[in-house]
Each structure stands twice: as structure tokens, then as C-alpha cells.
Number of protein chains: 2
Amino acid sequence: MADVSTTLPLEPDSIRHAYSKIHRYLHKTPLLTNKTIDRMASFSPDTDQSPKFNIYFKCENYQRIGAFKARGAFYAVIHLIEVLGLEEVRRRGVVTHSSGKLALALAASHFQIPAHIVMPTISTPSKIAGTQCYTKNVRFSGSTSTEREAVVMEVIEETGAILVPPYDHPDIMLGQGTTALELQEQYEAETSNQDEKAGLRIVLAPLGGGGLLSGISIFFSNKPEIAVIGCEPSFQGGNDGEIGLNSAPPRRIETVKTLTIADGLRTPVGELPWKIFTSGSEIKKKNLKTIYSVTEEQIKNAMRLVFERMKVFIEPSSAVPLAVVLYNHEFRKWVHQQQQAEGGAGWDIAVVLSGGNTTIDAVIGLFGGPDKDVKRAEGISGLDGKSVVENVAG
Amino acid sequence: MADVSTTLPLEPDSIRHAYSKIHRYLHKTPLLTNKTIDRMASFSPDTDQSPKFNIYFKCENYQRIGAFKARGAFYAVIHLIEVLGLEEVRRRGVVTHSSGKLALALAASHFQIPAHIVMPTISTPSKIAGTQCYTKNVRFSGSTSTEREAVVMEVIEETGAILVPPYDHPDIMLGQGTTALELQEQYEAETSNQDEKAGLRIVLAPLGGGGLLSGISIFFSNKPEIAVIGCEPSFQGGNDGEIGLNSAPPRRIETVKTLTIADGLRTPVGELPWKIFTSGSEIKKKNLKTIYSVTEEQIKNAMRLVFERMKVFIEPSSAVPLAVVLYNHEFRKWVHQQQQAEGGAGWDIAVVLSGGNTTIDAVIGLFGGPDKDVKRAEGISGLDGKSVVENVAG
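As a starting point, this report considers the structure included with it. In this text, all values refer to a predicted model and were calculated from it rather than measured experimentally.

Rules and cut-offs
- Residues numbered from 1 in each chain as written.
- Chains lettered and ligands numbered in written order.
- Predicted model: local features only at pLDDT ≥ 70, side-chain atom pairs only at ≥ 80, totals over all residues.
- Heavy atoms only, no water.
- Pairing = 2+ DSSP bridges.
- Helix = DSSP H or I, 4+ residues; strand = E, 2+ residues; numbered from the N terminus.
- Contact = heavy atoms within 4.5 Å.
- Axes fitted to C-alpha atoms, helices over the stretch in contact; angles between N-to-C directions.
- Least-squares fit on C-alpha atoms with pLDDT ≥ 70 in both.
- Buried < 20%, exposed > 50% of the residue type's maximum accessible area, 1.4 Å probe, protein only.
- Right-handed = clockwise from strand over helix to strand, strands pointing away.
- Polar contact = N/O pair within 3.5 Å; in protein donor to acceptor, adjacent residues only side chain to side chain.
- Buried area = accessible area lost by both parts, 1.4 Å probe.
- Salt bridge = Lys/Arg side-chain N within 4 Å of Asp/Glu carboxyl O.
- Nonpolar A, V, L, I, M, F, W, Y, C, P; charged D, E, K, R; others polar.
- Core = buried A, V, L, I, M, F, W, Y, C linked by side-chain atoms within 4.5 Å.
- Phe/Tyr/Trp six-rings, centres within 6.5 Å; stacked < 30°, edge-to-face > 60°.
- Lys NZ or Arg CZ within 6 Å of the ring centre and 35° of its normal.

1. A word on the sheet that holds strand 2 (residues 53-59) of chain A
Residues and elements named next belong to chain A. Pairing is mixed across the open sheet formed by six strands, whose spatial order is 1-2-10-7-8-9. Each edge of the open sheet carries a strand with a single partner, namely strand 1 (31-32) and strand 9 (288-294). Of the strand pairs in this sheet, strand 1 and strand 2 are connected by two bridges, and their pairing is antiparallel. Residue pairing for strand 2: leucine 32 is matched across the bridge by phenylalanine 57. Strands strand 8 (227-233), strand 9 and strand 10 (347-353) of the sheet are contacted by helix 12 (residues 296-308), whose axis makes an angle of about 95 degrees with strand 9.

2. Here we look at the relation of the copies chain A and chain B
One copy of the chain maps onto the second through a rotation about an axis and a displacement along it. Between chain A and chain B, which share one sequence, the superposing operator has a rotation angle of 180 degrees and an axial displacement of 0.0 Å; the RMSD is 0.0 Å. A rotation of that kind, with that shift, is consistent with a two-fold axis. When the interface residues of chain A are mapped onto chain B, 100% of them are again interface residues, pointing to one common binding face.

3. Some points on the sheet that holds strand 7 (residues 200-206) of chain B
Residues and elements named next belong to chain B. Pairing is mixed across the open sheet formed by six strands, whose spatial order is 1-2-10-7-8-9. This sheet does not close on itself; its edge strands, each paired only once, are strand 1 (31-32) and strand 9 (288-294). Pairing analysis gives six bridges linking strand 8 (residues 227-233) to strand 9, with the strands arranged parallel. In the sheet register, isoleucine 229 faces strand 9, and the bridge partner there is threonine 290. Together, strand 7, strand 8, strand 9 and strand 10 (347-353) form the strand contacts of helix 9 (residues 211-219), whose direction differs from that of strand 7 by roughly 160 degrees.

4. Regarding helix 13 (residues 320-327) of chain B
Counting buried positions over the eight residues of helix 13 of chain B gives seven, a clear majority of the element. Every buried residue of helix 13 of chain B is listed here: Val320, Pro321, Leu322, Ala323, Val324, Val325 and Leu326 of chain B.

5. Section: the pairing of strand 7 of chain B
Residue and element names in this part refer to chain B. The buried fraction of strand 7 is high, at seven of seven residues. In this structure, strand 7 lies alongside strand 10, joined through four bridges in parallel fashion. Note on strand 10: the bridge partner recorded for valine 203 is alanine 350. Here strand 7 pairs with strand 8 via five bridges, running parallel. Across the sheet, residue proline 206 finds its bridge partner in strand 8, namely cysteine 231. Crossover handedness for the path strand 7 to helix 9 to strand 8: right-handed.

6. What about the pairing of strand 4 (residues 115-120) of chain B?
Residues and elements named next belong to chain B. Burial analysis of strand 4 places six of its six residues in the buried class, the great majority of the element. Going residue by residue along strand 4, you find Ala115, Ile117 and Met119 tucked away on one face and His116, Val118 and Pro120 tucked away on the opposite face as well. The β-α-β motif built from strand 3 (residues 94-96), the intervening helix 5 (residues 101-110) and the parallel element strand 4 has right-handed crossover chirality. Across four bridges, the pairing between strand 4 and strand 5 (residues 138-141) is parallel. Residue pairing in the sheet places isoleucine 117 in a bridge with valine 138 of strand 5. One crossover worth recording links strand 4 to the parallel strand 5 by way of helix 6 (residues 125-132), and it is right-handed.

7. What about the side chain of threonine 179 of chain B?
Residues and elements named next belong to chain B. Tracing the chain through its elements places threonine 179 in helix 8 (residues 170-190). For threonine 179, a relative accessible area of 0% corresponds to the buried category. From its side chain, threonine 179 meets the backbone oxygen of glutamine 176 in a polar contact 2.8 Å long. Dropping the residues within four chain positions of it, threonine 179 is found in contact with Lys58, Glu60, Phe68, Arg71, Leu212 and Val352.

8. A word on the interface of chain A and chain B
Contacts between the two partners involve 25 residues from chain A and, on the opposite side, 25 residues from chain B. Interface area for chain A against chain B, summed over the two sides, is near 2,100 Å², with a carbon-plus-sulfur share of 65%. In terms of surface lost to chain B, no three residues of chain A exceed Lys311, Ile360 and Ile364 of chain A, which account for 32% of the buried area on that side. Along the contact surface separating chain A from chain B lie two salt bridges. With its nearest N and O atoms 3.6 Å apart, the salt bridge here joins aspartate 361 of chain A to arginine 304 of chain B. Inspection of the chain A/chain B interface yields eleven residue pairs in polar contact (both at pLDDT 80 or more). Looking at the side of chain A that touches chain B, the elements that each hand over two or more residues are helix 12, helix 15 (360-367) and helix 16 (372-393) of chain A. Per element, the largest residue contribution to the side of chain A that touches chain B is five residues, and it comes from helix 15 of chain A. In terms of residue class, the side of chain A that touches chain B is built from ten nonpolar, eight polar and seven charged.

9. Examining the nonpolar core
Core analysis: the largest hydrophobic core is formed by 92 residues, its most contacted members being Ile55, Leu204, Val325 and Phe331 of chain A together with Ile55, Leu204 and Phe331 of chain B. Other than its neighbours up to four places away in sequence, leucine 204 of chain A contacts Ile229, Cys231, Pro321, Val324, Val325, Phe331, Ile349, Ala350, Val351 and Val352 of chain A.

10. Some details on the packing of aromatic side chains
All names here are of chain A. Within the structure shown, the criterion is met by 20 aromatic pairs over all chains. On the numbers, 5.4 Å between centres and 70 degrees between planes, the contact of tyrosine 25 with phenylalanine 111 is edge-to-face. With tyrosine 25 in the loop between helix 1 (12-22) and strand 1 and phenylalanine 111 in the loop between helix 5 (101-110) and strand 4 (115-120), the pair connects residues that are 86 residues apart, well separated along the chain. By relative accessible area, which is 18% here, tyrosine 25 ends up buried. Judged by centre distance (5.1 Å) and plane angle (90 degrees), the ring pair of tyrosine 56 and tyrosine 187 falls under edge-to-face. Within this pair, whereas tyrosine 56 is found in strand 2, its partner tyrosine 187 is found in helix 8 (residues 170-190), the two being separated by 131 residues in sequence. Exposure class is identical for tyrosine 56 and tyrosine 187. Each is buried. Grouping aromatic residues by their ring pairs yields a cluster made of Phe53, Tyr292, Phe331, Trp334 and Trp347. Over the ring of phenylalanine 367 we find lysine 300; its NZ or CZ atom is 5.5 Å from the centre of that ring.

Have a look at this one:
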């Protein structure tokens, strides 16, 4: 990774700069709306919890490699080239063992840079084959984080490859933040002919390691009228960000062992993203309003709506922000009160659908077969059993 | 339905006219591409069956009510208003018992026209509730086609309501044909900066009653360079169009009793669409090249690809044309030979994804749970058992 001293300051203009460097390699993903889901989100039997919403869905599941991660990976690689020169980066290559591996392999392949990807031997054959579509340099390791890091060190010693982390680096955060820039521009274009436009009021995004959420927070840091909200699964302490933020004083929780179905969000918040979210640090607080969490069942309900009503195929992690909008009492109560104070008008809000990398078989594992209750339980434990090692290690 | 004598001639300009009347009520659905699927479609171990494709997917699953049917219904209702006057149509209302019922209810509600929808008492509660979102006038009947038609006659006698059929009417065909117009315009815009553009060579669409396919055939009838191809499920004679077209002489098959998973395609081809597809009639042959069919397993494979690779949620009927592209030997051989004769360059082709009206539970029924083979069988028979009555009756 390029040395942190070479990165741009963590502010909106740096995200604009990152976007100018990467947009030609990426898809401009659609911003979708759905009236049925708006209606459902704007209804509640509790009169103190019936906020009104027009939801704009930023569909990063249609991004290259099926997730927002392509943004950070491209910017990280391009900045690396700027600092070290293309020849040097090609000679050394890049290496990772993280969840951003496909994104890194894609970005590296664009510049003919070797990408060394370390994967546990027990990975499913389809995952291995998928990764091999993007890079020839797949290396296998044991499944614990220590074992994987040992193989990464081997690769670095052998080749001089440069380690690219999945979220805990300013370049990655600036790259992921371009999601917010694009979203904002599309929203403005979409609503340009509306008369009394109140503008976007809330942006909700999933919170795992925090690369995406910190990038979005940075982008909106000079727009105090827009509240950025992080969204987590509450299952087995998957809401480490929420718990940490609400501790007195706030503290980053460093290990998480949850088997939540939102498997992209099982990692603890990274150090650098955490600094963006909290004020007591050298980097001043950006625009994060707060963090809310939802249950497994709420995530599944939201996922079902996105499939059946929007016809959009997403992974469970992507459904977490919509679940907050639909089911989190605190969130709904807060918006309701604000709207009442303002005269009751509905708000335009945005929800980031972060990725779509799942399979029909995994969906069956989540929602079960004809005899649902039995199968749902089997499905979840089966799924978790396989992927826990990869995800806890981050 | 407006009297057939009042409808425009079945030619491309009439579809342009229909589009000018309906486009403001409809979504302009996206035209998507996917490199992975292109690669898969352009590969075959058989050297005489490896055509090369760039596929453009016209996503009518993102159309209002989740299917192309909104197009025909809006045009039918608007033309009815032109002929009879809005007041008269509002006084009498419209009635249907067909698969196009949601589309009709939506279009009618836009003009405050009562829509009487006849549904079998055994319909699932969610289907009934869904229909009631669009109209208050749901009437129940027995489940055979005779029983449903009897209730339709009752409604007509009581209210004077005007019957709107799902496909066997020129207005419906012209309306559905706007899919082709939009597709063609989007394709031209998308490829406008390409140098040596060969243009669109094939358009594949599903064939059930034939409203969509006949509309597309009419739209391309003055473009002999574009081959329109109908796509059917072969299971239990679901390929009635293919069998009928290949009979000597060609004859329309009038009854079909298939339990294919492509449940939108279980109906026989309608009389008027059939005339568009065949030459031996008063309406001269339009641009239909031929009809191909695929197996249940091939449909499921194609559906899986659309979900997992494109992240697009479709119903099984929508996967039939892509299954033809990927798996139908005759089709692939024909394209391969044409391409070899021309020098081997790949072709731009379009595939219509006709709709997305299915559920996670139905997908589980199709693809089964962890113990797949058992559950797949259960799932299919369970699904079919419920819906066969509705679908055979058309």
C-alpha cells in the first residue's frame, strides 16, 4: 500500500480527485426507487413511529465484481502506481488475504500487475475458481488468520509484493467514498425538476470494517444537513460499532465473533475508519450521525423485499440499511420527531445496496425449503460453519 | 376491448404511435450487458457450435407491475378511451380473468376506470392481496376456465364491462411491441460510438400466448437483417409453437397441458399472434425466423446465471431465451455457420427478460434445499399442483 504520508487529506475534494482517477474503470451503478417499499417504510401502527420516506437505492451490487469494493481497490492501485511508478509496482506485485481480494485482483489485472491472493485451502471450489478468473497467483494457507498472514509474509519475502488491506487505509476509504459522490450527483439530476426540493436528508450504509461508511462520512462532512448512519447486524455482537460508539467513553471493539447472516459485516471496525466516526482523535469527527442495528429476521425480511419487489439480487449485508429504515424503532422514532417538528413532510433518503455476491444455494440456506423452520436452522448453521474462519479473521 | 376494425395496421409505425401514447405511464427499462455471460455463451467444446455473442438484456422485469404486460394493457385501455370516450369506459369498466390482470388493473386505475378481475377462489392469499392493491373489484370463481368465463359473463351482464384479453388482440400486440422499439433505440444509443458496427442481428423473446413475440415481430418486420426468434419450454409439449410451426402444413396447436416451471409460457399461442408468425393467412408473414425450445434444467441453469452473475431477479419464463442462446444446439449451429460464412465476427443479439414476478419461496421450490434432488422434485410438483388450473386455462 502506498505510504500513508503520501495520501490526500480525508476530505470531500480528495474523493472528487479519486473519482476522476477511477471512474473510467468502473460502472456508474443505478440509483433506483420503489413505490411499494416507500409505502411500507412510511407506514407503522405506532403513531410515534411513522416517518415518511422516499428511498433512493444506490445499487453497488451492479458494480464490477458485484460490490463497491472495486472503487477502493482501483484507487489504491492507481495511487500506488503514482507513488512508486508502474514498473516498480509491476515488478513487485500486490498481495492480500482479505475480503477485498477479487476487487484487488481485478484492479491489478487492468495494469498488468501481478496480484497474489492468499486463500484458505478449505475455500469452496467455486470461490477458488472465481478468484482464478482474475489472477493466476492464488496461494493457499490454513484457515486461521495467523496461518493466512504467515503465507502473506512468505509471498512478501519471496516477491517484494505490496500488501493492500481491505479497509484500514486512507486510499481505500477515499475510493469507497466515491459511492457517495456518484449517489449525490445522480440524486441531484433525478430531482432537478422538483419544485420544493428539501434535498437528501439521510444516507444509510452497512458497517463492517468501515471502509465504505467512513468514505461516505468524509464525502458528506461539509454537508451537516445530511445525516450519515451506519447499519449493523445485532446478532452475537455483530453491532460492535454501535456498542463501541455508545460506550462511555466511546471505544473501538477490536474482536468480533458473530455468525450473522450478513457475512460481509462480521469484521470489527478498522482503526482508521473508527477515527473518522469518533471525535476523540487527531482526525476531527466527520458527518456520522450514529449507528443502528437490526436482527437476523429483520435483515431477511428486508432482503426478501428487495428481491421480490425491486427484482434486485443482493447479498444479506446489503439488506441491513433497509432493515434499519423499516424496523429499527430508535431510528424511526428519531426521524418521526424531526419530521413532526418540521411540519410533517416526508424525507428523501438514500440506502446503499453494497453488493450482490451470493448464490441461489446460499439464499436457500437462509430462507429454507418447503419445511421452512427446520431448514432455515440447518441452512444458517451450515453456512456459518463454513465461513466463520474467513470472516472473523477479516 | 376496442373493436378490431378500429385498430391500426399491424406494422412498425403503429407501434411507434402506441409508444407515443403510453411511454409516459411506463418505465424505460434498462438494457444491460454482462461480460461473463457473453464469455459463457461464446464458448463450446463442440467446434461446430461455438458462435460468438454480445448479448443485450432488455429488462422488462423492471417494468411497472414487474413485466412487459403493462405496455399492452396501457395501450389497450387508451385506445378503448379514444374509441368509446372516457366517460363511457368509466361507466362500463373493464374485465379480465387472465394472466394480464395486474397490468389491466394498473392501467385502468390510472384513468379511474373500474377493473373487474375474476380470480379462482383457490388463488394464494398473497396473489389476492396483490391484486386488491390495484382494484377493489375482485370477483371469485371456480378454478376451471369454464367456471371463470361464466363469472366474467356475469360481470359483463351486470355492469356492461368490456372484456380485455391478455394477448389475442391487435392493441395488446402493438403495445407489447413497444418493448422492441425501446430496445432498438437503447441499443443504437449504446453502440453509437462503435466504429465497425454490424448492428443487432437477433432478438430472442419468450413465447407463451404470443402477444410479446408478435409485437416484436411486427416491429422488426421491415428489418430483414434482424432475426426474431421465439423461445419455449419443451417440457410436456410446452413447445406448442415450435411443434405447430414445424408441422406440414404449419398449424396452431390449440390446447396445451404442460406443468413447465416457465409458468408464464404454459398457454397455447393465440390465434392472432399465430397469424403473425405464419405465412398462410391474410396477414403476411412478419419477421419471425423460427421457434426453439429448451429443457427445464436448461431454464434453471440460465435463471441461476441471471441471478448470480447479473444480480437480476427474474421469473423462470424470462430465462428461456437465454437458455436457447446457451444450450440449444440447433440455434447455436445455425449462428455458428452464419458467422463462419461471414468471416467469424461475433454478433450483437438481444434477449428479452420478460418479467420478475416470482418469490423467494418459489425459487426455493425450483432449486431445492440442502438435500437438493429430493426437494427439487417436491418443489416442482408442489408449485405445479397449485398453478396448473390457472395456467392451462390461460
